[in-house]
Amino acid sequence: MALMLLLAIYFLLPVYFLIVAATKPQSDLASTNGLAFSHFDLFSNLSTLFSRSDGIFLKWALNSVIYAVLGAAVGTLISALCGYALAKFTFRGREFLFSVILGGVLVPTTALALPLFLLFSATGIVNTYFAVFLPSIVSPFGVYLARIFASAAVPEEILESARLDGAGEFRTFFSVAIRLMAPSLVTIFLFQFVAIWNNFFLPMVMLQKESLFPITLGLFEWNGQTARAPLLQESVITGSLVSIVPVIILFLLLQRFWRTGLASGALK
Amino acid sequence: MTDIAPRATRVVTSTGGRRRHRGGGPRAGTIVAFVTPFFLPFVLFYLVPVGYAIWQSFLVVRRTGGQYGTSYTTFGGFEQYTKVFQNDEFWSSIGRIGLFGVVQVPVMLFVALVMALLLDTPLLKLKAFFRITAFMPYAVPGVIAAIMWSYLYSPQISPLVDGLKSVGLHPDFLGPGAVLWSAANVSTWLWTGYNMLIMFSALQSIPQELYEAAKLDGASNWTIAWQIKVPIIAPSIILTTVFSIIGTLQLYAEPAVLRQISSNISSTYTPNMLAYAVASGNNYQQAAAISVVIAVITFVLSFGFMRLTSKKAGL
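Residues numbered from 1 in each chain as written. Chains lettered and ligands numbered in written order. Predicted model: local features only at pLDDT ≥ 70, side-chain atom pairs only at ≥ 80, totals over all residues. Heavy atoms only, no water.

Attention now moves to the interface of chain B and chain A. Contact with chain B, which involves 92 residues of that partner, is made by 94 residues of chain A. When chain B packs against chain A, the two sides together hide about 8,800 Å² of surface, and 78% of this comes from carbon and sulfur. Connecting chain B to chain A are five residue pairs in polar contact (both at pLDDT 80 or more). Residue contributions to the side of chain B that touches chain A peak at 19 residues, all from helix H2 (residues 28-57) of chain B. Residues of the side of chain B that touches chain A, tallied by class, amount to 69 nonpolar, 18 polar and five charged. (Contact = heavy atoms within 4.5 Å. Buried area = accessible area lost by both parts, 1.4 Å probe. Polar contact = N/O pair within 3.5 Å; in protein donor to acceptor, adjacent residues only side chain to side chain. Helix = DSSP H or I, 4+ residues; strand = E, 2+ residues; numbered from the N terminus. Nonpolar A, V, L, I, M, F, W, Y, C, P; charged D, E, K, R; others polar.)

Pasting the structure below:
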């Protein structure tokens, strides 16, 4: 029990520190105790944060949302289609296809980023939304999960009866299978959302234009400038807090979906 | 659903009307339509870059007529790989990451395992609270986590440094000997709860009767945990180890952030940082060779580990 409490403090400490620091004026950061509140300046910190460089922080936040929400939504749909086909259709080369995709789980995504950059610069999509968005929709782990979930959640009899009623395969998928798979699709969506939201190396390699940055890259750049512009420190801290709190709340609310995903990841 | 007769005729028409596979599945065109939306981007953004990196890694840029001549790209065999293996910076980055992995991965997984086992005992209170706090860091991007911790390491701002000073210690989290472990701490903070939850989920799928039987045989909680629970969830432990090995070799964000405040992290601190630095110097072929070597090491280590452990476990 004591050990668990100690660990809980360890996990909470940086976030608690961030909350406290975000409420302080820049001048108090170094001069007051980091774990105790001083002058409450959260709202002026927030307005500085959002007005800095013509409101670029809001732009970064929106970019992160676009990359992560749209990318995960498209990614979940195509993973679901593919995983469902792998689970429910028998065809030649099925196992081979699945092994190739599973091999993709082991490919380090950072090792992909540099060659992708070269390919994208040859085709001219470097430094555009697509350069980050397109690679993000591919999630081999999502297909793996979708296959497991489809085998478990979609009974063969229901598909047969839908077919007997004359529904085409797509109709069957979109009106019957997808409903049965809904909880697992949320799981896949969450995993992919977090993966894209947390991604840093790919946007860093692909983007030079600040207006296309996601939050992670933007805060990284600001953090690098604090040595020359110490006043940025408070905005980096407040920005970090603004970027993590909504996500933490979101996934605490959706906890049970994580557990299903992690459990099936472990069943291997 | 109407009556039986029309359905029966439909069966006949549907099997007779179109060509079907042996298993009674849909037509090939339908299967292609299901698989392509994923498979096409997968090929374009996974397989093609891998192939392209391999191809690039066999090329060299040469110049005609001395330093100011025009450059041309040609096939160089294993020249780029020879250069990688002769590069001292490459070996020191590998050495660093090796040291990091050998210490950080076992420590993190051991803590995760102990937490999962404790959460699985009926004795512990506040289970949901502990589970949630441990998993919370997973929602924090690596860059942000590193920024948060870098403030906790920074001598000017950190309450930790202040606290330790008041008891007579003068830690230098960013010093040459410590900074690697400061980065390791960020990774541990980020991933312990995630690994713990994988192990905990596996523990929860063990049927309770097993424990009752062991208790009747006089096994203590301790014995049950280490002799029964741990071996059963071995596949999950192997899985988390493989994920951790992959993660360690990909390390980039945490040291890159700490580099912003510590002069003890070079631009070639980890293999990925080296690859990026080389690519920024426009030597793409060399960067491709480094990326391929990192990927091969990742594959060899993760597969090697899986083979080794599954043999030992007799699976």
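Take the side chain of Thr238(A) next. Residue and element names in this part refer to chain A. Among the secondary structure elements, Thr 238 is positioned in helix H14 (residues 232-253). Note on Thr 238: relative accessible area 1%, which makes it buried. Only 2.8 Å separates the side chain of Thr 238 from the backbone oxygen of Glu 234, close enough to count as a polar contact. Among residues more than four places away in sequence, those in contact with Thr 238 are Ala 22, Asn 45, Leu 46 and Leu 49. (Buried < 20%, exposed > 50% of the residue type's maximum accessible area, 1.4 Å probe, protein only.)

Before going further, it helps to spend a moment on a nonpolar patch on the surface. There is a patch of nonpolar side chains on the surface, built from Met1(A), Leu5(A), Leu12(A), Leu126(B) and Phe129(B) and spanning about 430 Å² of accessible area. Tracing the chain through its elements places Met1(A) in the segment before helix H1 (2-22). (Patch = residues over 30% accessible without salt bridge, like charges linked within 9 Å, V, L, I, M, F, W, Y side chains within 5 Å. Areas by Shrake-Rupley, 256 points an atom, 1.4 Å probe, with all protein chains shown as cover. Salt bridge = Lys/Arg side-chain N within 4 Å of Asp/Glu carboxyl O.)

On to the domain arrangement of chain B. Residue and element names in this part refer to chain B. Entries for chain B in the domain assignment read domain 1 (20-75) and domain 2 (79-313). The straight-line distance from the C-alpha centre of domain 1 to that of domain 2 is 32 Å. Counting from both sides, the interface comprises ten residues of domain 1 and, opposite them, eight residues of domain 2. Together, the buried faces of domain 1 and domain 2 total about 690 Å²; carbon and sulfur atoms form 59% of this surface. Considering only the side of domain 1, the residues that lose the most area to domain 2 are Gln 56, Ser 57 and Val 60, jointly responsible for 54% of the buried surface there. Counting the contacts that link domain 1 with domain 2 gives one salt bridge. For the salt bridge of Glu 79 with Arg 62, the shortest nitrogen-to-oxygen distance reads 3.1 Å. Where domain 1 touches domain 2, the interface holds three residue pairs in polar contact (both at pLDDT 80 or more). (Domains from an automatic or database assignment.)

Here Leu112(A) shows up in helix H6 (residues 109-123). Note: C-alpha distance between Leu112(A) and Ala8(A) (104 residues apart in sequence) is 36 Å. The residues contacting Leu112(A), other than those within four sequence positions of it, are Val107(A), Phe45(B), Tyr46(B), Pro49(B) and Val50(B).

Attention now goes to the pattern of salt bridges. All names here are of chain A. Summed over all chains, the structure comprises seven salt bridges over all chains. For Arg 163, the salt bridge identified is with Glu 160, shortest N-O distance 3.1 Å. Highlighted residues: Arg 163 and Glu 160, both in helix H9 (residues 156-164), separated by three residues, approximately one helical turn. The class for Arg 163 is buried, based on a relative accessible area of 10%. A salt bridge links Glu 169 to Arg 163; the shortest N-O distance between them is 2.7 Å. For the residue pair Glu 169 and Arg 163, the accessibility class agrees, reading buried in each case.

What follows deals with the side chain of Ser139(A). Secondary-structure assignment places Ser139(A) in the loop between helix H7 (129-136) and helix H8 (140-153). The contacts of Ser139(A), once residues within four sequence positions are left out, are Ser79(A), Gln192(A) and Phe38(B).

This brings us to the UniProt feature "transmembrane region" (unreviewed entry) in chain B. Taken from the UniProt record, the annotation "transmembrane region" (unreviewed entry) applies to residues 28-55, 97-119, 128-153, 173-191, 232-253 and 287-306 of chain B. Across residues 97-119 of chain B one finds 100% helix and 0% strand; the C-alpha atoms that close the span lie 31 Å apart. (UniProt positions renumbered as here; feature names shortened; annotations may be inferred.)

Residue and element names in this part refer to chain A. Relative to the helices and strands, His 39 is located in the loop between helix H2 (26-31) and helix H3 (42-51). For the pair His 39 and Val 154, spaced 115 residues apart in sequence, the C-alpha to C-alpha distance is 57 Å. Excluding anything up to four places from it in sequence, His 39 contacts Thr 23, Lys 24, Pro 25 and Asp 28.

Residues and elements named next belong to chain B. The phi angle at Leu 126 is positive, at roughly 55°, despite the residue not being glycine. Relative to the elements of secondary structure, Leu 126 occurs in the loop between helix H4 (88-120) and helix H5 (127-135). Look at Asn 282: it is not a glycine, yet its phi comes out positive at around 65°. Along the chain, the position of Asn 282 falls in the loop between helix H13 (271-280) and helix H14 (284-312). Taking relative accessible area as the criterion, Asn 282 reaches 54% and is therefore assigned exposed.

On to the packing of H4(B) against helix H11 (residues 234-249) of chain B. Residue and element names in this part refer to chain B. Closest axis-to-axis distance for the H4/H11 pair is 10 Å, and the angle between their directions is 145°. Here the hand of the crossing between H4 and H11 comes out right-handed. Residue-level inspection shows Ile 97, Phe 100, Gly 101, Gln 104, Val 105, Met 108, Leu 109 and Leu 113 of H4 in contact with H11, the latter providing Ile 237, Thr 240, Thr 241, Ser 244, Thr 248 and Leu 249. Counted by class, the contact of H4 with H11 contains eight nonpolar, six polar and no charged residues. (Axes fitted to C-alpha atoms, helices over the stretch in contact; angles between N-to-C directions. Left-handed = near helix turned anticlockwise from the far one by under 90°.)

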